[in-house]
Each structure stands twice: as C-alpha cells, then as structure tokens.
Amino acid sequence: MKSNGRGVIPPRGLVLGRSLNKMFGFLCRCLCCCSSSAADQLSFSYQPSRVNPADVVTFGRVRWRPAMDRGVRYRGGRRRHRGPEMISTRETGRSRLLLLMLLPLLYVSSPPMTEAPMLIHNGKATSELHPVVLVPGMGGNQLEARLTDAYKPSGAFCRPSAGTRKWFNLWLDPSTLLFPPFTRCFSDRMSLFYDPQTDTYQNALGVETRVPHFGSTRALKYLSLGFQQHVTSYMAPLVKALEGIGYVDEQTLFGAPYDFRHGPGDVRSRSVGSQFLADLKGLVEKASSSNGGKKVILISHSLGGLWTLHLLNKTPLTWRQKYVQHFIALTPPWAGTVQELLALASGYTLGLPLVNPLLVRAQQRRSESNLWLLPSPPTFRHKPLVITPYRTYLASNLSEFLADIGFPEGMHPYRSRILPLMSDQLAAPLVPVTLVVGTEVETPEALVYDEHGFDKQPEIVCGDGDGTVNLKSMLAVVSAWEGVENQSLKVTKLRRVSHLSVLKDEFSIREILQELASTYDFRHGPGNVRSPSVGSQFLADLKGLVEKASTSNGGKKVILISHSLGGLWTLHLLNKSPLTWRRKYVQHFIALTPPWAGTVQELLALASGYTLGLPLVNLLLVRAQQRRSESNLWLLPSPPTFRHKPRVFS
C-alpha cells in the first residue's frame with residue numbers, strides 16, 4: 001500500500017468496492033430495516049449499569065449509543081463514516097465484486113433473523129421448550145361473581161337479576177363503566193371491606209367471587225367475553241407469539257390468574273393472598289413435573305412481578321434452584337407508583353373520558369393491592385409527591401395523606417400490613433432475573449392540588465417511566481441487588497413503550513421471545529461463574545448432555561467437536577470438571593479454528609461494527625449489538641499472547 005503523506009492509500013480494488021457501495025446506497029437503505037431488526041433481536045444490555053436516555057440515538061426501532069466513529073486507520077487524522085481502511089494487501093476488488101454478486105443468494109438462502117424459531121411439530125410442543133408460567137398484573141385477568149340473597153343493592157339499577165344469580169363476568173364488562181348507575185353497581189360489587197377486628201379483607205355482603213381458568217391462559221388473553229373481548233385484549237398478543245414458537249396452553253404454557261384486589265400482607269393460611277401464593281407454587285411444580293422436570297420460566301407483568309418475587313423469597317433456595325430457570329419481569333412496580341396516589345385521592349379511570357372518577361374511587365380505595373402499590377419510602381424518600389396549598393406529602397407520611405383525603409380506614413392496614421412488606425420485599429431471589437421496562441413515556445411524578453381539594457383532578461407533573469410506573473420504581477432492584485452474590489440481573493429498556501404496550505408491541509415481544517432462548521446463547525460468556533448466570537447454566541447443561549450421551553450409548557466415552565468460540569466453552573468446561581469426570585466421559589476433544597487468545601477482528605467489531613463481509617449492511621446498525629455481547633469481550637486479544645504488538649492505529 002502507498003502513502004500520499006496524509007495517510008494510507010487503499011488498493012484500487014478497495015476504492016472500486018467503495019464506489020459500488022455508493023451506487024447501491026438506495027439498496028442499503030432498503031435493507032437497513034433487516035439488519036436493524038436482527039441487531040435488536042440479538043442485543044442485550046449489561047447491568048447494573050444504567051442507560052442514559054440522552055445518550056441513546058434512535059434509528060427506526062434500533063437503539064444504539066454514540067461512540068467512536070468507524071475506522072481503524074483514518075485519512076489525514078479525520079474520522080469518517082465510510083468504514084476502516086484495513087492494513088492488508090489481501091483484499092481486492094475481485095473479492096468485493098464477488099460478495100456483491102453473491103448477496104442476493106445470501107439473503108435467499110439465509111433464514112430471516114426477525115422470525116422467531118418454530119419449535120412445534122404436528123401440533124405438539126417439542127421437548128426443547130422450558131415451560132412458561134404467566135402472572136398478570138393489576139386487573140390483568142377475568143374475575144367472576146354471583147349475588148346471593150344477602151346482597152343489598154345500592155340502587156334500583158343494582159337489583160339482582162337471573163343472570164347475576166349465576167356466575168357472571170364482573171371484571172371486565174366495559175358497558176358497566178359507560179353508564180353512571182351501572183358504574184356505581186360495578187364499584188359496589190368489586191369493593192373489598194377491611195375488618196380491623198380480624199385484620200382481613202372481605203367481599204361486600206352477598207357478593208361471591210372466583211377466579212376462572214387457573215392454570216390456563218384463557219382468563220389472561222381477554223378481560224371480557226363475547227363480542228367485547230377484542231376491545232379488552234390483554235395478554236392475547238404475547239400468548240399468540242408464544243404459541244407461534246411452539247408453546248401449547250396447559251401443556252408448556254400456563255396462566256396464573258388471581259384476585260388482584262388482594263395483597264399478600266396477611267400471610268395466614270386462609271387468606272386470599274397466601275392461598276394464591278400456594279396455588280402459584282403448586283402450578284410451577286406441576287409445569288415442571290409435566291415437562292420432564294424442566295425448570296420453569298416465570299413471566300410477570302406489573303403487579304404480577306411483586307407477587308412472583310414474593311413467592312420466590314418465601315420459598316427455600318433449594319426449591320428455586322430446582323424449579324425456576326428464569327424470572328422475566330415486565331414493567332414491575334417494585335417500589336410502587338405515584339399514580340396510585342391519584343387513584344386513592346381523586347379516582348382513576350384508566351384514561352376513559354366518559355367515566356366519573358369519583359364513582360370508582362371508593363372501590364379503588366378498598367383494594368388492598370392499591371395500598372401495596374403506594375410509593376415506597378426507601379425509594380422515593382424525601383421527594384414531594386402530593387402538593388396542596390396546605391401541606392406537602394412525601395412517601396414517609398402517606399398515613400397522614402390517607403387520613404386527609406377522607407380515607408382514614410386505610411391507615412391501619414397500610415401501617416400493619418403494607419409498610420412491613422415494603423421493608424424487605426426487594427430481597428434478591430438468587431435466580432436469573434430480566435427486567436423489561438418502558439421509558440420516555442410521560443408518567444405522573446407529582447400531583448398538585450388547588451384549594452378545591454381532592455374531589456377535583458389535580459395538575460400532574462410528569463417524569464420518566466412507562467406512563468404508569470415511574471422509572472425509579474422499575475429500577476429499584478438494580479441498586480438493591482448490586483453486589484449481591486449469586487444474583488444475575490439484566491435490564492432491557494424499551495423507549496416509548498407504555499405499561500400495556502409492553503405486552504403488544506412487536507419489538508417488545510421479540511425481546512421477550514429472545515429471553516426464552518435457553519440453549520447455547522452465544523452472546524454470553526462464562527465470566528460470571530455464579531450458579532444463576534446464563535454462562536454457568538450452559539456449562540451445566542453441556543456437562544449433563546455429555547453424561548447423557550455417554551450413558552445412552554452403553555457408557556462409551558464422548559468425542560467433543562467444537563468450532564471457534566465453542567472451543568473456549570468446551571475447554572472451560574473440561575478445566576472446571578474433575579479429572580475423574582473427564583477420564584470417565586471424554587474420549588477426544590477436536591477444536592476447529594479455536595480463538596484461544598482472541599482475535600484482532602473483535603476490535604473492529606467493537607470499534608466500528610462487523611457485518612461478516614456483507615457490503616450492503618450498515619455497520620453502525622449491528623455495532624451496538626456486538627458491543628453488548630459479553631462473548632465479544634471474551635474474544636478480545638489476550639495480553640499474554642499479543643503482548644506489545646500494536647493492533648489499532650489512529
């Protein structure tokens with residue numbers, strides 16, 4: 001290669017290749033959505049470090065952070081966005097032209113990366129799937145009721161009928177929220193009443209309730225029945241996506257609906273909350289045993305995350321290690337939400353403009369779970385949450401807030417049941433946890449009331465979150481679990497995805513499906529040797545596979561054949577296993593092109609992006625994903641081998 005005094009002149013073939021790339025610029029833009037989808041599908045973020053939204057650039061649905069411009073060596077000291085000039089004499093225009101001609105064949109022959117893998121055959125779920133249990137959030141499943149002779153209607157429209165003497169869908173019938181007299185009947189029937197003498201919550205007199213279809217996803221997909229069900233879609237898109245990759249309801253996919261009005265504050269055996277925890281525990285065990293002892297993946301939404309974490313922290317570690325593969329929490333309100341203050345003070349109508357919030361306020365105040373979702377003092381601390389002309393309320397004086405809004409009966413259960421629960425509810429469960437949180441959606445952060453009091457809707461000061469849950473609440477466990485031994489935590493942030501959209505947004509569902517991939521996840525490395533990590537779990541699975549291969553073949557030793565990064569994993573397993581195990585099970589280890597000491601090419605991938613030689617793919621669209629893969633850091637050049645040899649010039 002020659003020099004013109006300002007830098008290295010690339011070979012003519014390289015210049016020709018660049019010219020051809022410019023000619024196909026339009027095709028690049030057409031194909032960028034394909035490469036961005038693949039990059040997003042494979043990306044994950046290392047935690048507990050947090051992503052600053054100001055440092056995130058959006059290109060369609062692709063999220064990446066501004067960093068070093070592409071290039072290994074630059075002309076005249078300027079950084080350009082045209083790719084690096086490689087210090088090599090082997091790259092020619094002929095090879096570039098060959099890649100351009102082969103590109104259509106590559107796209108035809110390669111499967112689209114945006115499609116989820118199909119793991120179903122002849123209508124039956126394959127044995128490759130870990131069973132999944134879905135735990136919904138507040139109001140996230142159907143609730144049925146029937147009225148007895150003891151029921152006392154609050155008005156003429158609330159009188160029992162033949163239909164209400166049988167089991168009917170109490171939550172959710174949208175028509176009851178659009179006509180005020182029916183809204184009042186609905187509120188009366190949905191309300192719980194706290195008995196301070198027995199310290200229990202009970203239904204209104206003459207109202208019996210039940211949760212239908214426990215163990216199935218039927219009560220989670222839609223909240224209403226008949227022609228109204230599509231208006232009240234909840235987990236239907238997520239369930240459909242899971243079924244699309246091979247999950248089958250009540251075989252490998254299970255639902256855990258519950259009476260979301262209650263909380264777990266009363267841990268006595270006969271309480272509604274403790275009974276649900278026992279049922280959920282039994283469902284996890286059933287899902288595992290009916291699938292050959294496979295561990296279960298728990299996917300929760302919103303309030304369901306608090307219930308799931310509560311269950312995990314109440315069960316022995318041996319139980320968790322036996323039954324739980326992964327806990328995926330979607331938009332979890334670990335430390336409560338400011339929006340709950342609005343519901344208790346003035347009523348909250350879920351954004352429905354024709355509903356009078358005062359008609360549903362009484363029912364919202366009587367739900368124990370709404371007290372559970374009040375802002376937690378350890379997280380919100382001294383931040384003003386409710387501001388009035390006469391007083392300012394913080395998370396530390398919410399008992400007084402309950403009294404001042406005209407709800408003094410909520411003070412005792414809040415102090416006796418909720419505050420003790422908040423003190424230790426964020427204990428680390430010591431199982432792999434993934435948080436999927438929405439960000440950059442205006443979320444209530446403070447409520448400002450004027451002299452008209454709490455019967456009027458306040459002025460709302462908004463901050464960051466998913467529109468319902470504050471971001472600081474969803475990320476409360478990051479600081480709480482930092483430094484906790486044996487706790488694996490990953491956080492995925494979805495820009496402008498709201499609290500409910502996380503269950504329906506296409507990109508969000510792709511992220512969830514990606515988390516279900518429990519086979520060799522090449523993005524991870526074995527650096528974290530703690531038992532709940534993805535890397536150590538793969539090593540355990542690989543070790544078990546070797547033993548299974550041997551025992552199923554009459555005790556014959558196994559030949560291990562690896563390629564590239566697989567060689568590092570295999571060697572890592574062998575060196576971690578006792579010598580007696582290796583002598584018993586391993587006949588031979590054949591390593592194909594193993595990168596024992598890393599590769600210089602990884603520097604290119606991390607600095608400027610690497611597209612496997614495909615010239616029409618935008619490097620910046622895949623660079624973010626490559627930077628977020630732990631295994632790419634593992635493949636950086638090793639100091640003992642490469643020593644003092646320069647590898648990057650600028």
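Residues numbered from 1 in each chain as written. Predicted model: local features only at pLDDT ≥ 70, side-chain atom pairs only at ≥ 80, totals over all residues. Heavy atoms only, no water.

## Re the environment of arginine 627
To keep things clear, this is the line we draw: Comment: elements are numbered from the N terminus, with helices defined as DSSP H or I runs of at least four residues and strands as E runs of at least two. Counting of polar contacts relies on pairs of N or O atoms within 3.5 Å, with two restrictions inside protein: one atom must be capable of donating a hydrogen and the other of accepting it, and residues adjacent in sequence are counted only when both atoms are side-chain atoms.
Tracing the sequence through the fold places arginine 627 in helix α24 (residues 619-627). Sequence separation between arginine 627 and alanine 607 is 20 residues; the distance between their C-alpha atoms is 8.5 Å. A distance of 2.6 Å separates the side chain of arginine 627 from the backbone oxygen of leucine 606, its partner in a polar contact.

## Topic: the packing of helix α7 (residues 236-244) against helix α19 (residues 506-515)
Heads up, the condition is: A fitted line through C-alpha atoms serves as each axis, taken over the contacting stretch for helices, and the angle formed by two N-to-C directions is quoted from 0 to 180°. When an angle is under 35 degrees it counts as roughly parallel; over 145 it counts as roughly antiparallel; between 65 and 115 it counts as roughly perpendicular; any other value is oblique. Left-handed is the label given to a crossing in which the near helix is rotated counterclockwise from the far helix by less than a right angle, and right-handed is the label when the rotation is clockwise. Working rule for contacts: check all heavy atoms of both residues, and any pair within 4.5 Å makes them a contact. Gly is put with the polar residues, along with every residue not named as nonpolar or charged; the nonpolar set is Ala, Val, Leu, Ile, Met, Phe, Trp, Tyr, Cys and Pro, and the charged set is Asp, Glu, Lys and Arg.
For the pair α7 and α19, the least separation of the axes is 11 Å and the interaxial angle reads 45 degrees. Classified by the interaxial angle, the pair formed by α7 and α19 is oblique. The element α7 and its partner α19 pack so that their crossing is right-handed. On the side of α7, the interface is formed by Pro237, Leu238, Ala241 and Leu242, while α19 contributes Ile509, Ile512 and Leu513. Residue composition of the contact of α7 with α19, grouped by class: seven nonpolar, no polar and no charged.

## Regarding the confidence of the model for the chain
Spelled out, the test is: The predictor reports its confidence for every residue as pLDDT, a score running from 0 up to 100.
Of the residues in the chain, 77% reach a pLDDT of 70 or more, and the chain-wide mean stands at 80. pLDDT under 50 marks residues 1-125. Its contacts with residues more than four places away, or in other chains, come to 206 contacts.

## Some thoughts on the sheet that holds strand β13 (residues 253-255)
Stated precisely, the cut-off is as follows: Should DSSP find at least two bridges between two strands, the strands are taken to pair.
In spatial order, the strands read β13-β7-β14-β15-β18-β21; together these six strands make up an open sheet with parallel pairing. Two strands lie at the open edges of the sheet, namely β13 and β21 (489-495), each paired on one side alone. The average angle at which neighbouring strand axes cross in this sheet is 15 degrees, direction not considered. Strand contacts of α19: β14 (296-301), β15 (324-330), β18 (433-439) and β21, with the helix running at about 165 degrees to β21, the strand carrying the most contacts.

## Here we look at the packing of aromatic side chains
The relative placement of two aromatic rings is captured by the distance of their centres and the angle of their planes. Applied cut-off: Aromatic pairing here means that ring centres of Phe, Tyr or Trp (its six-membered ring) are within 6.5 Å. Orientation follows from the plane angle: under 30 degrees is stacked, over 60 is edge-to-face, and everything else is tilted. Each residue's exposure class comes from its accessible area (1.4 Å probe, protein chains only) as a fraction of the maximum for that residue type: buried when under 20%, exposed when over 50%, partly exposed otherwise.
Across all of its chains, the model carries 20 aromatic pairs by this definition. On the basis of an interplanar angle of 45 degrees and a centroid distance of 5.3 Å, the ring pair of tryptophan 319 and tyrosine 323 is categorised as tilted. Placement of both tryptophan 319 and tyrosine 323 in helix α10 (residues 317-323) is noted, with a separation of four residues, approximately one turn of the helix. The buried category is assigned to tyrosine 323, whose relative accessible area is 14%. Between tryptophan 334 and tryptophan 481, the aromatic rings sit 6.5 Å apart at their centres with planes inclined by 50 degrees, giving tilted as the arrangement. Here tryptophan 334 is found in the loop between β15 and α11 (339-346), whereas its partner tryptophan 481 is found in helix α18 (residues 476-481), with 147 residues between them in sequence. Through a chain of ring-to-ring contacts, the aromatic side chains of Tyr258, Phe276, Trp307 and Trp372 assemble into a single cluster.

## Considering the pattern of salt bridges
Where charged atoms of side chains with opposite charge meet at close range, the side chains can pair. To keep things clear, this is the line we draw: Each reported salt bridge corresponds to a side-chain nitrogen of Lys or Arg within 4 Å of a carboxyl oxygen of Asp or Glu.
For the coordinates displayed, the defined rule picks out twelve salt bridges. Note that arginine 417 and glutamate 368 form a salt bridge whose closest N and O atoms lie 3.0 Å from each other. Pair noted here: arginine 417 is in helix α16 (residues 411-424) and glutamate 368 is in helix α13 (residues 368-372), with a separation of 49 residues, a long-range link. For arginine 417, a relative accessible area of 6% translates into the label buried. A salt bridge links arginine 495 to glutamate 440; the nearest nitrogen and oxygen atoms lie 2.7 Å apart. On the criterion of sequence distance, the pair formed by arginine 495 in strand β21 and glutamate 440 in the loop between β18 and β19 (443-448) is long-range, its members being 55 residues apart. Given the relative accessible area of 26%, glutamate 440 is considered partly exposed.

## Section: helix α20 (residues 534-551)
Note the cut-off: By this rule the span expected of a helix is its residue count minus one, scaled by 1.5 Å.
For α20, built from 18 residues, the straight-helix expectation of 26 Å at 1.5 Å per residue is met to within 8% by its first-to-last C-alpha distance of 26 Å. Among the residues of α20, Gly535, Ser536, Gln537, Phe538, Leu539, Leu542, Val546 and Ser550 are the ones counted as buried. Next to the buried residues of α20 lie β15, β22 (558-563), α21 (565-576) and α22 (579-585).

## Quick look at the packing of helix α23 (residues 601-608) against α24
Helix-helix packing: each pair is described by the crossing angle between the helix axes and the interaxial distance. Between α23 and α24, whose axes approach to 7 Å, the crossing angle comes to 110 degrees. Relative to α24, the element α23 is oriented roughly perpendicular. Listed contacts from α24 to Ala605, Leu606, Ala607 and Ser608 of α23 are Leu619, Arg623, Gln626 and Arg627. Taken together, the residues of the contact of α23 with α24 sort by class into four nonpolar, two polar and two charged.

## Some remarks on the pairing of β14
Of all six residues making up β14, six are buried, and the element is well covered by its neighbours. Residues Val296, Leu298 and Ser300 line one face of β14 and the alternating positions Ile297, Ile299 and His301 line the opposite face, and both faces are buried. Across four bridges, strand β7 (residues 132-135) lies against β14 in parallel orientation. Bridged to leucine 134 within β14 is isoleucine 299. Here β14 runs beside β15; their pairing, made up of six bridges, is parallel. Across the sheet, residue isoleucine 297 finds its bridge partner in β15, namely histidine 326.

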